[in-house]
Amino acid sequence: MIFCELFDRLVAKLADNFTSTGTKPQRHGKYQLGSFLFHYGMRGSDTLRVAKELAIGLGSVFKYCRRVGRAFRELKVDFLVFPNAPRKEIISDYIEETSGFPACIRNADGSLIRFSEKPLEFDDISAIQTEVT
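Here goes a summary of the coordinates provided. (Residues numbered from 1 in each chain as written. Predicted model: local features only at pLDDT ≥ 70, side-chain atom pairs only at ≥ 80, totals over all residues. Heavy atoms only, no water.)

### Thoughts on the layout of surface pockets
A volume near 180 Å³ is recorded for the second largest pocket. Lys-24, Pro-25, Gln-26, Arg-27, Gly-59, Ser-60, Lys-63, Tyr-64 and Arg-67 are the residues that line the second largest pocket. Taken together, the residues that form the lining of the second largest pocket break down as 2 nonpolar, 3 polar and 4 charged. (1 Å grid on protein atoms, 1.4 Å probe; cavity = no way out; pocket = protein on both sides within 12 Å on 5 of 7 lines; lining within 4 Å. Points joined across faces, edges and corners; volume = space filled by probe spheres on them. Nonpolar A, V, L, I, M, F, W, Y, C, P; charged D, E, K, R; others polar.)

Printed below as a string of structure tokens:
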């Protein structure tokens, strides 16, 4: 059960962020992370559905998602880094091999925005990025 092991490791990493500062104890981090994953992992499942499925209050869903999101932001410096040149090349090669997009190191998976076909032309991508920013 690789997923269970990864889930438990992630809960342990986030544990410091799930300590109560009030008079009532917080729900264990695994429930808060589970609520977060249910909400965002199902293409943004609506909050009411999450509350009903997990038998928790509607406000708890918002609170749990806020806490987990904050915990991820606090941990990002330890886990999220911009790729160096060799890593960029590996990522770019993989994306081109699997999707046909050349010279790309970022992409969307299309789960919320449907991609029916790739663009017809691949002119200078960096020029497009420069114009946007």
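### Points about the packing of helix 1 (residues 2-14) against helix 2 (residues 29-41)
Where helix 1 contacts helix 2, the two axes come as close as 9 Å, and the packing angle between them is 110 degrees. Put simply, helix 1 runs roughly perpendicular to helix 2. Remark: the crossing between helix 1 and helix 2 carries right-handed chirality. On helix 2, the residues that touch Phe-7, Leu-10, Val-11 and Leu-14 of helix 1 are Gly-29, Lys-30, Leu-33, Gly-34 and Leu-37. Per-class residue counts for the contact of helix 1 with helix 2 are 6 nonpolar, 2 polar and 1 charged. (Axes fitted to C-alpha atoms, helices over the stretch in contact; angles between N-to-C directions. Helix = DSSP H or I, 4+ residues; strand = E, 2+ residues; numbered from the N terminus. Parallel < 35°, antiparallel > 145°, perpendicular 65-115°, else oblique. Left-handed = near helix turned anticlockwise from the far one by under 90°. Contact = heavy atoms within 4.5 Å.)

### Quick look at the environment of Ile-56
Counting through the fold element by element, Ile-56 comes out in the loop between helix 3 (47-54) and helix 4 (58-79). The exposure class of Ile-56 is buried, given its relative accessible area of 16%. Sequence spacing of Ile-56 and Ser-35 is 21 residues, and the spatial spacing of their C-alpha atoms is 9.3 Å. (Buried < 20%, exposed > 50% of the residue type's maximum accessible area, 1.4 Å probe, protein only.)

### So, the packing of helix 2 against helix 3
Axis separation between helix 2 and helix 3 bottoms out at 10 Å; the angle between their running directions is 135 degrees. Judged by the inter-axis angle, helix 2 sits oblique to helix 3. For helix 2 against helix 3, the interelement crossing comes out right-handed. Residue-level contacts link Ser-35, Phe-38 and His-39 of helix 2 to Thr-47, Val-50, Glu-53 and Leu-54 of helix 3.

### What to know about helix 2
Compared with an ideal rise of 1.5 Å per residue, which puts 13 residues at 18 Å, helix 2 spans 17 Å between its outermost C-alpha atoms and is within 8% of the ideal. Within the span of helix 2, buried status applies to Gly-29, Gln-32, Leu-33, Ser-35, Phe-36, Phe-38 and His-39. Elements that come into contact with the buried residues of helix 2 comprise helix 1, helix 3 and helix 4. (Expected span 1.5 Å × (residues − 1).)

### Some details on a negative patch on the surface
Taken together, Glu-89, Asp-93, Glu-96 and Glu-97 make up a surface patch of like negative charges. Looking at where Glu-89 falls in the secondary structure, it is placed in helix 5 (residues 85-99). Take Glu-89: its relative accessible area is 51%, and that puts it in the exposed class. (Patch = residues over 30% accessible without salt bridge, like charges linked within 9 Å, V, L, I, M, F, W, Y side chains within 5 Å. Areas by Shrake-Rupley, 256 points an atom, 1.4 Å probe, with all protein chains shown as cover. Salt bridge = Lys/Arg side-chain N within 4 Å of Asp/Glu carboxyl O. Lys, Arg positive; Asp, Glu negative; His and termini not counted. Charge placed at Lys NZ, Arg CZ, Asp CG, Glu CD.)

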